[in-house]
Amino acid sequence: MNGFLKQRFGFIWLVLFLAACQSDAAAITEDTVLLSNVEDGIIAYEDLVVGYSQIGAESEWRTGNTASIKEAAENLGVELIFSDGQQKQENQIKAIRTFIAQQVDVIGVSPVVETGWDSVFQEAKDAGIPIILVDRRADVPEDLYTTYLGSDFVEEGRNAARVMVDLLGGEGDIVELVGTVGSAPAIDRYEGFREIIQDYPGMRIIASQSGDFTRAKGEEVMGDFLQLYGDEIDAVYAHNDDMAIGAIQAIEAYGLKPGEDIKIVSIDAIRDAFQAMIDGKLNATIECNPLLGPQFFELALKVVNGEVVPKWIPSEEEIFFPEDAEEVLPTRKY
Ligand code: AHR
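Residues numbered from 1 in each chain as written. Predicted model: local features only at pLDDT ≥ 70, side-chain atom pairs only at ≥ 80, totals over all residues. Heavy atoms only, no water.

### Some points on the overall build of the chain
Along its length, the chain carries twelve helices and twelve strands. Of all 334 residues assigned to the chain, the portion counted as buried reaches 54%. In the chain, once contacts between residues fewer than 6 apart in sequence are set aside, the share between residues at least 24 apart is 74%. For the chain, the accessible surface area stands at approximately 14,900 Å², while carbon and sulfur atoms represent 50% of it. (Helix = DSSP H or I, 4+ residues; strand = E, 2+ residues; numbered from the N terminus. Buried < 20%, exposed > 50% of the residue type's maximum accessible area, 1.4 Å probe, protein only. Contact = heavy atoms within 4.5 Å. Areas by Shrake-Rupley, 256 points an atom, 1.4 Å probe, with all protein chains shown as cover.)

Take a look at the structure:
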């Protein structure tokens, strides 16, 4: 909000305060003030100053997500102060503190890990700056953030398991490439997968290790799994496509055929995953939508204008198989 608007805000407060003093209109509340702003159309996209703390650039998914946030800000005329946390929570916390000092209108944050946000979110709350969680949840009391915009990661894990059960006919030895340790998608995708698998005694998870959501780490960890278990491995469950693509490289280097000798199911639905399915090297990808920019700024605008928004706005997501890949690839934006 620029200086002029802040002044106007102050003026509206004063008028309402005086009105409350003169009449018995004891019901004038902060909500009333905010609603009057909506009617006056005071806060528009061009008036918004938004601080955004991004995790980093660990995956294609993340690159698509960052592009979506930046493009939407530009298209809508929102002033965006963007910070890249380079996978470190301390960098994200520092960025949020800077946004508070800059008195931005709204802070968007995609927390790299789930825990450790209480103090800084409380600081934002004390400064009257709403926090919108984007893509990943934080494990904090509900009053410390306004809303969460993002996927149901547990359901993504369940869907990956359902597909895996079909692929293996309910029996097989699976290795798991886990996302960043302590992150919401790694925790939830781990749990969701097991929720389904536990009903199939013939399906065993024989190894599970973090590949940190990157291709390089996915390849390295899969290489270690192959050294340990070799062709005992029937399938790979990767928490994202980038790690699955790393695993494909490791399986080929080991002399086996990814997608045939070892089935692979992963999450995200990035363009490279569609290419891998066309090449017969990946058996399915569960979509996780990163194109959250337009929805995020729409929410930010509603929030500063005092509208009540749901505590969670879930993304709509699909499951893609090799037979769809050729047709769908040209339509993919990330
Ligand atoms: O939080 C979403 C996850 O983060 C994506 O699935 C993964 O690719 C990214 O790094």
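Picking up after the structure, the text goes on.
### Comments concerning the sheet that holds strand β3 (residues 106-109)
In spatial order, the strands read β2-β1-β3-β4-β5-β11; together these six strands make up an open sheet with parallel pairing. Single-partner strands in this sheet number two, and they are β2 (79-84) and β11 (312-314). Strand-to-strand twist in this sheet, taken as the mean axis angle between neighbours without regard to direction, amounts to 20 degrees. As paired strands, strand β5 (residues 147-150) and β11 are joined by three bridges and run parallel to one another. When the bridges of β11 are listed, leucine 149 appears paired with isoleucine 313. Across the sheet, helix α11 (residues 293-304) is in contact with β1 (49-54), β2, β3, β4 (131-134), β5 and β11; its angle to β4 comes to roughly 160 degrees. (Pairing = 2+ DSSP bridges. Axes fitted to C-alpha atoms, helices over the stretch in contact; angles between N-to-C directions.)

### Digging into a negative patch on the surface
On the surface, Asp231, Glu232, Glu260 and Asp261 cluster together into a patch of negative charge. Mapped onto the secondary structure, glutamate 260 falls in the loop between α9 (241-254) and β9 (263-268). (Patch = residues over 30% accessible without salt bridge, like charges linked within 9 Å, V, L, I, M, F, W, Y side chains within 5 Å. Salt bridge = Lys/Arg side-chain N within 4 Å of Asp/Glu carboxyl O. Lys, Arg positive; Asp, Glu negative; His and termini not counted. Charge placed at Lys NZ, Arg CZ, Asp CG, Glu CD.)

### As for the confidence of the model for the chain
Residues with a pLDDT of 70 or more make up 88% of the chain, whose mean pLDDT is 90. Mean pLDDT values for the elements of the chain range from 36 in helix α1 (residues 3-22) up to 99 in strand β8 (residues 235-238). Predicted confidence for residues 1-39 stays below pLDDT 50, and this span has 33 contacts to residues more than four positions away or in other chains. (pLDDT = per-residue confidence, 0-100.)

### Digging into the sheet that holds strand β12 (residues 319-320)
With mixed pairing, the six strands of this open sheet are ordered in space as β7-β6-β8-β9-β10-β12. What marks the edges here is a single partner per strand, and that holds for β7 (203-210) and β12. Examined bridge by bridge, β8 and β9 share three bridges and lie parallel to one another. Looking at the pairing, alanine 235 lines up with lysine 263 of β9. Sheet strands touched by helix α8 (residues 215-229): β6 (172-178), β7 and β8. Its angle to β7, the strand with the most contacts, is close to 135 degrees.

### Some details on the packing of aromatic side chains
On inspection of all chains with the given rule, the structure shows seven aromatic pairs. Where phenylalanine 193 meets tyrosine 237, the ring centres are 3.9 Å apart and the plane angle is 10 degrees; that geometry is what we call stacked. Of this pair, phenylalanine 193 sits in helix α7 (residues 184-197) while tyrosine 237 sits in strand β8; the two residues are 44 residues apart in sequence, bridging distant segments of the chain. When sorted by exposure, phenylalanine 193 lands in the same class as tyrosine 237, which is buried. Every member of this aromatic cluster is reached through a ring pair, and the members are Tyr52, Phe82, Phe296 and Phe297. Its guanidinium or amino end placed over the ring of tyrosine 190, arginine 194 lies 3.4 Å from that ring's centre, counting from NZ or CZ. (Phe/Tyr/Trp six-rings, centres within 6.5 Å; stacked < 30°, edge-to-face > 60°. Lys NZ or Arg CZ within 6 Å of the ring centre and 35° of its normal.)

### Focus: the site of the ligand
Within the structure, the ligand sits among Glu58, Ser59, Trp61, Arg62, Asp135, Arg136, Phe153, Pro185, Arg189, Phe213, Asn240 and Asp268. Contacts to the ligand include aspartate 135, whose side-chain N or O atom sits 2.7 Å from an oxygen atom. The contact in question runs from an oxygen atom of the ligand to an N or O atom on the side chain of arginine 136, over 2.8 Å. Taken by itself the ligand offers 280 Å² of open surface, and the protein chains cover 100% of this. Mapped by element, the contributors of at least two residues to the shell around the ligand are α3 (60-76) and α7. For the shell around the ligand, a count of residues per class yields four nonpolar, two polar and six charged. Looking at the shell around the ligand, you find at least three residues from each of domain 1 (45-151 + 290-316) and domain 2 (153-288). (Near = heavy atom within 4 Å. Polar contact = N/O pair within 3.5 Å; in protein donor to acceptor, adjacent residues only side chain to side chain. Nonpolar A, V, L, I, M, F, W, Y, C, P; charged D, E, K, R; others polar. Domains from an automatic or database assignment.)

### Regarding the pattern of salt bridges
Across all of its chains, the model carries 17 salt bridges by this definition. For arginine 136, the salt bridge is made with aspartate 135, and the minimal N-O distance between the two is 3.8 Å. Each member of the pair arginine 136 and aspartate 135 is classed as buried. Arginine 158 is the salt-bridge partner of glutamate 195, the closest N and O atoms lying 2.7 Å from each other. A residue pair is termed long-range when its members are at least 10 positions apart, and glutamate 195 in helix α7 and arginine 158 in helix α6 (residues 153-168) qualify at 37 residues. Taking the relative accessible area as the measure of exposure, glutamate 195 reaches 35% and is therefore partly exposed. When salt bridges that share partners are traced, they join Glu58, Arg62, Asp135 and Arg136 into one network.

### Digging into the packing of helix α4 (residues 89-101) against helix α5 (residues 118-126)
With their axes 10 Å apart at the nearest point, α4 and α5 run at an angle of 10 degrees to one another. Here α5 runs roughly parallel to α4, going by the angle between their axes. On the side of α4, the interface is formed by Ile93, Ile96, Arg97 and Ile100, while α5 contributes Val120, Phe121, Glu123 and Ala124. Residue composition of the contact of α4 with α5, by class: six nonpolar, no polar and two charged. (Parallel < 35°, antiparallel > 145°, perpendicular 65-115°, else oblique.)

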